[in-house]
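The primary structure of each chain is shown beneath.
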Amino acid sequence: MRVVDLGLMAYREAEALQLAALDEVLAGGGQTLFLVEHPRVITLGRQGGSENLHVGAAYLESRGIELAQTRRGGNITCHFPGQLVAYPIFRVDRRTGGIRKFFADMEEAVIRCCAWFGVAAERRQGFPGVWTGAQVGARKLCSMGIGVKRGVTYHGLALNVGPDVSLFELITLCGIGGAAPTSLTLEAPADRRDIDMKEVKDVLTREFRALFAHPPLA
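Residues numbered from 1 in each chain as written. Predicted model: local features only at pLDDT ≥ 70, side-chain atom pairs only at ≥ 80, totals over all residues. Heavy atoms only, no water.

**Remarks on the nonpolar core**
Ranked by internal contacts, the top residues of the largest apolar core, which has 35 residues, are L157 and L159. Contributing elements (two or more residues each) for this core: β2 (32–37), β6 (83–89), α3 (98–116), β9 (139–149), β10 (152–160) and α5 (197–212). Broken down by element, this core gets its largest block of residues, eight residues, from α3. Dropping the residues within four chain positions of it, L159 is found in contact with Q83, L84, V110, C113, C114, L141, C142, L184 and V200. (Core = buried A, V, L, I, M, F, W, Y, C linked by side-chain atoms within 4.5 Å. Buried < 20%, exposed > 50% of the residue type's maximum accessible area, 1.4 Å probe, protein only. Helix = DSSP H or I, 4+ residues; strand = E, 2+ residues; numbered from the N terminus. Contact = heavy atoms within 4.5 Å.)

**Some details on the packing of α3 against α5**
Their axes nearest at 9 Å, the elements α3 and α5 cross at an angle of 140°. Of the possible angle classes, the one that applies to α3 and α5 is oblique. Judged by the sense of rotation from one axis to the other, the crossing of α3 with α5 is right-handed. Contacts between α3 and α5 involve F102, D105, M106, E108, A109, V110, R112, C113 and W116 on the former and, on the latter, E199, V200, V203, L204, R206, E207, F208, A210, L211 and F212. Classifying every residue of the contact of α3 with α5 by side-chain character gives 13 nonpolar, no polar and six charged. (Axes fitted to C-alpha atoms, helices over the stretch in contact; angles between N-to-C directions. Parallel < 35°, antiparallel > 145°, perpendicular 65-115°, else oblique. Left-handed = near helix turned anticlockwise from the far one by under 90°. Nonpolar A, V, L, I, M, F, W, Y, C, P; charged D, E, K, R; others polar.)

**Observations regarding the packing of aromatic side chains**
Considering all chains together, one arrives at seven aromatic pairs under this definition. Relative to F208, the ring of F90 has its centre 6.2 Å away and its plane inclined at 70°; by these criteria the two rings are edge-to-face. Taken as a pair, F90 in the loop between β6 and α3 and F208 in helix α5 lie far apart in primary sequence, 118 residues in all. Residue F90 is classed as buried on the basis of its relative accessible area, which comes to 1%. Each member of the aromatic cluster is reached from another via a ring pair, and the members are F90, F102, F208 and F212. Across from the ring centre of W131, 4.6 Å away, lies the NZ or CZ of R124, which sits over that ring. For the cation-ring pair, R206 lies above W116, with the distance from its terminal atom to the ring centre recorded as 4.4 Å. (Phe/Tyr/Trp six-rings, centres within 6.5 Å; stacked < 30°, edge-to-face > 60°. Lys NZ or Arg CZ within 6 Å of the ring centre and 35° of its normal.)

**A word on unusual backbone geometry**
Located in the positive-phi region is R150, a residue other than glycine, with phi close to 50°. Inspection of the secondary structure puts R150 in the loop between β9 and β10. Judged by relative accessible area, R150 falls into the exposed class, the value being 62%. Within the chain, H155 stands out as a residue other than glycine whose phi angle is a positive 60°. With respect to the secondary-structure elements, H155 resides in strand β10.

**Some details on α3**
Look at α3: 27 Å from first C-alpha to last across 19 residues, which is about the 27 Å you get at 1.5 Å a residue. Those residues of α3 lying buried are F102, F103, D105, M106, E107, A109, V110, I111, C113 and C114. Of the residues one or two after α3, G118 is the one with positive phi, at around 80°. (Expected span 1.5 Å × (residues − 1).)

**A look at the state of the cysteines**
By the definition in use, this model includes zero disulfides. Not part of a disulfide, C142 finds its nearest cysteine sulfur in C114, a span of 7.4 Å. A residue is classified by how much of its surface remains accessible, and C142, at 0% relative accessible area, is buried. (Disulfide = S-S within 2.5 Å.)

**Describing the pairing of strand β5 (residues 76–79)**
Burial along β5 is two-sided: the residues I76 and C78 and T77 and H79 are all buried. As defined by bridge partners, strand β3 (residues 41–44) adjoins β5 across four bridges and the pair is classed as antiparallel. Across the sheet, the residue bridging to I42 is C78, located in β5. (Pairing = 2+ DSSP bridges.)

**Some points on the sheet that holds β5**
Strand order in the open sheet made by the three strands is β4-β3-β5, with mixed pairing throughout. One side of each edge strand has no neighbouring strand; the edge strands of this open sheet are β4 (66–69) and β5. Across the sheet, the mean angle from the axis of one strand to that of its neighbour is 25°, orientation sign disregarded. Across four bridges, β3 lies against β4 in parallel orientation. For I42, the partnering residue across the bridge sits in β4 and is L67.

Here it is in structure tokens:
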């Protein structure tokens with residue numbers, strides 16, 4: 001599994017790299033995990049999302065916020081510096097459990113990553129992604145949405161790392177009424193809130209390798 005850190009990159013530029021890597025995998029090449037932060041962008045999924053955008057295009061343009069239609073599943077979400085986005089370009093047609101297991105393993109990688117920083121994260125029945133605080137008001141740490149082409153995945157997950165999640169105020173998060181965003185920094189114990197993005201990338205990569213580097217064949 002090749003891991004490529006793209007740094008800070010525009011959404012459309014990273015999408016083009018995903019599609020090129022997808023073609024490589026379809027042609028028999030190896031799998032790639034892209035790690036990236038995006039400038040501020042609001043993305044819409046195949047299931048819609050424009051109905052959950054609280055402001056108009058003129059407002060977004062005046063503040064330098066991009067609006068992008070995507071080919072992933074899911075509804076509306078946001079990307080911004082301080083959020084780690086991971087795009088796994090992986091074969092799922094050869095993995096036991098198919099898409100369902102692939103998605104569960106992505107969630108597990110994030111849950112393990114959060115635990116490393118002292119944050120208890122979990123799945124929430126009926127709501128994809130990774131959450132915390134289910135007993136006292138669920139807060140979303142990580143959104144997920146993928147596309148699949150001929151058995152190969154693209155798009156992926158967005159894990160909030162830094163303290164500023166204010167861009168989510170412009171949307172109904174993932175189209176879920178009442179859902180509140182949070183981040184690793186906001187949820188970490190007081191003595192562990194100096195979280196470095198590089199360390200988060202390293203930990204998430206480690207967990208992806210543990211779960212995906214040698215997937216069992218069907």
